[in-house]
Amino acid sequence: MSSEKISYRYWCVKGLGAGGRIALHLANVEFDDNIVTDFKQWFGPDTEEVSKVNPLVNLPHLKTADGEVIVQSGAVLRYIARNYKLYGATDKDMSRVDQVLEVIVDLRKELYKLGDSKEEEFEEAKKKFAEETITYFFSGLDKFRTLNGSKYIAADSLTVADAVTIDSMFACAAAYESDVATVFAAFPALVAYHADFIELPQWKSYTATAMGDAKTPINGPGSRFSAMVMPAETA
């Protein structure tokens, strides 16, 4: 087995890569965080290099200590869950984690649609998102956690489901340029869960990094909220 650290690669935004980064911090795993800032480099030499190891080349991806490259955010999260004890303690826990992961996938699709709204439609789209989408997904997650009686979102121990849930709560709040407590005021139990989570040393470790910083954009260029600004082309 190689003694090299694992490495994680994603764009210079939080996006779908944040969940994996947060999960690695939850597991207290040392890793090299390869932040992609050069688009031409990635879509040229870097993609060619990675494709030699995994033809399904994509971002985010995780390179294991023995050189395997795992692509796609869900596959990466489940790899981290299996290998670093972030999948709960029982089969029921694992099933609950998987369900939350899929719920968050559906939520993020809707959140990205919101970011793609036309300028003149954005305010109305935000109102609808708050009334319908946030209510639908987070009332379900709130009741799911309560019904299962778990400390965290899917189990009594930290899991990758917490990584993506907490990240998504922040992402939704960013759409309103507000805080989690305000945006999710209708779900006091989730607000309390969130407040406890962000006091964890692992979370503070993540937020002390460049990609965990509150000022780091969530979305790529063109989004209606928390969008990265493309660097000017140089001659």
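Keep in mind that what you see is a predicted model, and the values were worked out from it rather than measured.

## Considering the packing of aromatic side chains
If you walk through the whole model with that rule in mind, you get 10 aromatic pairs. With centroids separated by 6.4 Å and ring planes inclined at 55°, the aromatic side chains of Y193 and F197 adopt a geometry described as tilted. With Y193 and F197 both in helix 8 (residues 188–197), this residue pair falls four residues apart, about one helical turn. Take Y193 and F197: they sit in the same class, and that class is buried. A relative accessible area of 1% means that F197 is categorised as buried.

## Here's the deal with helix 2 (residues 39–51)
Taken as a whole, helix 2 carries its principal kink of about 35° at P45. Those residues of helix 2 that fall on the buried side of the exposure criterion are W42, D46 and V50. Those residues of helix 2 that are buried are in contact with strand 1 (6–11), strand 2 (31–36), strand 3 (61–63) and strand 4 (69–71). In this structure D38 caps helix 2, since a side-chain oxygen of it lies 3.1 Å from the backbone nitrogen of K40.

## A word on the sheet that holds strand 4
Within the open sheet, the four strands sit side by side as 2-1-3-4. Their pairing is mixed. Each edge of the open sheet is held by one strand with a lone partner, namely strand 2 and strand 4. Neighbouring strand axes in the sheet, compared pairwise and without regard to direction, differ in orientation by 20° on average. In this structure, strand 1 lies alongside strand 3, joined through three bridges in antiparallel fashion.

Cut-offs used in this document
- Residues numbered from 1 in each chain as written.
- Predicted model: local features only at pLDDT ≥ 70, side-chain atom pairs only at ≥ 80, totals over all residues.
- Heavy atoms only, no water.
- Phe/Tyr/Trp six-rings, centres within 6.5 Å; stacked < 30°, edge-to-face > 60°.
- Helix = DSSP H or I, 4+ residues; strand = E, 2+ residues; numbered from the N terminus.
- Buried < 20%, exposed > 50% of the residue type's maximum accessible area, 1.4 Å probe, protein only.
- Bend = angle between axes of the 7 residues up to and from the residue.
- Contact = heavy atoms within 4.5 Å.
- Polar contact = N/O pair within 3.5 Å; in protein donor to acceptor, adjacent residues only side chain to side chain.
- Pairing = 2+ DSSP bridges.
- Axes fitted to C-alpha atoms, helices over the stretch in contact; angles between N-to-C directions.

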